[in-house]
Amino acid sequence: MFTGIVQGTAQVVAINEKPQFRTHTLRMPPERLTGLEPGASVAHNGCCLTVTAIEDDRVSFDLMQETLRITNLGLLKPGDRVNFERAARFGDEIGGHAMSGHILCMAPITRIIRSENNRQVWFRLPEPYSRYLFTKGYIGIDGISLTIGDVDGCDFCVNLIPETLERTNLGFRKEQELVNIEIDPQTQAIVDTVERVLAERLVNGD
């Protein structure tokens, strides 16, 4: 499990391509390596990956075809930076919201509105998933736990404070770039359950 409180960004320093498979290596900040071992889980732009090798500050991860297809990790190249968060441990403060590290889809950035002390960023979710969008609801964007500011059909925005812009890759994201989206699991479960119950009532003529 993850909390959506991104611990920083890490640079991709190597990518080893194989048919329908990829291994990429990050240079992790030394202070985040304590206790990290092969088999541990680390979220990259919100996507849960397993550590396969550690050499000094270089940490490697394997990515399967489905991960490369569904997430923006398949678009990475050496020199890019990803948001990372190590898995939550029992007793950790949950400052964001519970996140699984399972990406639902990608969404493009459609508009960035800059002001003196913050930034509003708009995204467009694929239509089948727009039913999960609610003003003041939680959403995971590249692994960051954020609150939805406003919703307009398939479009939604978040409002970012300087700390989020400094700590995460949303500080340098540009319009039309793709971000990973994880819908709040509780929101998804509630919406799916309500839709199923209403559909059953219609079938039964209630």
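Attention here is on the structure that accompanies the text. Because the structure is a prediction, the values reported are computed rather than measured.

## Comments concerning unusual backbone geometry
Trans peptide bonds make up most of the peptide bonds, and negative phi angles are found at most residues other than glycine. At Lys136, a residue that is not glycine, the phi angle is positive and equals roughly 75 degrees. Note on Lys136: relative accessible area 64%, which makes it exposed.

## Digging into the packing of aromatic side chains
Under the criterion given, the structure shown has one aromatic pair. Taking 5.3 Å as the distance between ring centres and 25 degrees as the angle between the ring planes, the aromatic pair formed by Phe123 and Phe156 counts as stacked. With Phe123 in strand 8 (residues 119–124) and Phe156 in strand 11 (residues 155–160), this residue pair connects regions lying 33 residues apart in the sequence. Residue Phe123 is classed as buried on the basis of its relative accessible area, which comes to 0%. The class of Phe156 is buried, set by a relative accessible area of 0%.

## Describing the sheet that holds strand 12 (residues 178–183)
Strand order around the closed barrel formed by six strands is 7-8-11-10-9-12, with antiparallel pairing between neighbours. Direction aside, the axes of adjacent strands within the sheet are offset by 45 degrees on average.

## A word on the nonpolar core
Generally speaking, nonpolar side chains in soluble globular proteins are found buried as a group. Within the largest apolar cluster, 24 residues are counted, with the highest numbers of intra-cluster contacts made by Phe123, Leu125, Ile139, Ile141, Phe156, Val158 and Ile181. Elements represented by at least two residues in this core include exactly strand 7 (105–114), strand 8, strand 9 (138–141), strand 10 (144–152), strand 11 and strand 12. Looking at which element gives the most residues to this core, the answer is strand 7, with four residues. In contact with Val158, not counting residues within four places along its chain, are Arg119, Gln120, Val121, Phe123, Ile141, Leu146, Thr147, Ile148 and Gly149. Grouped together as the second largest cluster of nonpolar side chains are 19 residues, Ala10, Leu26, Leu68 and Val82 included.

## Things to note about the side chain of Ser130
Mapped onto the fold, Ser130 is located in the loop between strand 8 and strand 9. Using a relative accessible area of 17% as the deciding quantity, one classes Ser130 as buried. With residues up to four places along the chain from it excluded, the contact list for Ser130 reads Leu125, Gly153 and Cys154.

## Side note on the environment of Pro29
Tracing the backbone through its elements, the reader meets Pro29 in the loop between strand 2 (21–27) and strand 3 (41–44). Along the chain, Pro29 and Leu202 lie 173 residues apart, while their C-alpha atoms are 55 Å from each other.

## Regarding the pattern of salt bridges
According to the stated counting rule, one finds 10 salt bridges in the structure shown. Residue Arg69 is joined to Glu66 by a salt bridge in which the shortest nitrogen-to-oxygen separation is 2.7 Å. Linking Arg69 with Glu66, this pair stays in helix 1 (residues 65–70), spanning three residues, or about one helical turn. Judged by relative accessible area, which is 56%, Arg69 ranks as exposed. Taking relative accessible area as the criterion, Glu66 reaches 42% and is therefore assigned partly exposed. Between Asp142 and Arg173 there is a salt bridge, with its nearest N and O atoms 2.7 Å apart. Taken as a pair, Asp142 in the loop between strand 9 and strand 10 and Arg173 in the loop between helix 2 (162–167) and strand 12 lie far apart in primary sequence, 31 residues in all.

## Concerning a nonpolar patch on the surface
Taken together, the side chains of Ile190, Val194 and Leu198 define a hydrophobic patch exposed on the protein surface, amounting to about 280 Å² of accessible area. Counting through the fold element by element, Ile190 comes out in helix 3 (residues 185–204). Residue Ile190 is classed as exposed on the basis of its relative accessible area, which comes to 55%.

## Notes on the state of the cysteines
Covalently bonding the sulfur atom of one cysteine to the sulfur atom of another cysteine gives a disulfide. Throughout the structure, instances matching the rule amount to zero disulfides. In this structure Cys47 is a free cysteine whose sulfur lies 7.1 Å from that of Cys48, the closest cysteine sulfur available. The exposure class of Cys47 is buried, given its relative accessible area of 7%. Cysteine Cys157 shares no disulfide, and the gap to the nearest cysteine sulfur, in Cys154, comes to 15 Å. Since its relative accessible area comes to 1%, Cys157 is described here as buried.

Cut-offs and rules
- Residues numbered from 1 in each chain as written.
- Predicted model: local features only at pLDDT ≥ 70, side-chain atom pairs only at ≥ 80, totals over all residues.
- Heavy atoms only, no water.
- Buried < 20%, exposed > 50% of the residue type's maximum accessible area, 1.4 Å probe, protein only.
- Phe/Tyr/Trp six-rings, centres within 6.5 Å; stacked < 30°, edge-to-face > 60°.
- Helix = DSSP H or I, 4+ residues; strand = E, 2+ residues; numbered from the N terminus.
- Pairing = 2+ DSSP bridges.
- Axes fitted to C-alpha atoms, helices over the stretch in contact; angles between N-to-C directions.
- Core = buried A, V, L, I, M, F, W, Y, C linked by side-chain atoms within 4.5 Å.
- Contact = heavy atoms within 4.5 Å.
- Salt bridge = Lys/Arg side-chain N within 4 Å of Asp/Glu carboxyl O.
- Patch = residues over 30% accessible without salt bridge, like charges linked within 9 Å, V, L, I, M, F, W, Y side chains within 5 Å.
- Areas by Shrake-Rupley, 256 points an atom, 1.4 Å probe, with all protein chains shown as cover.
- Disulfide = S-S within 2.5 Å.

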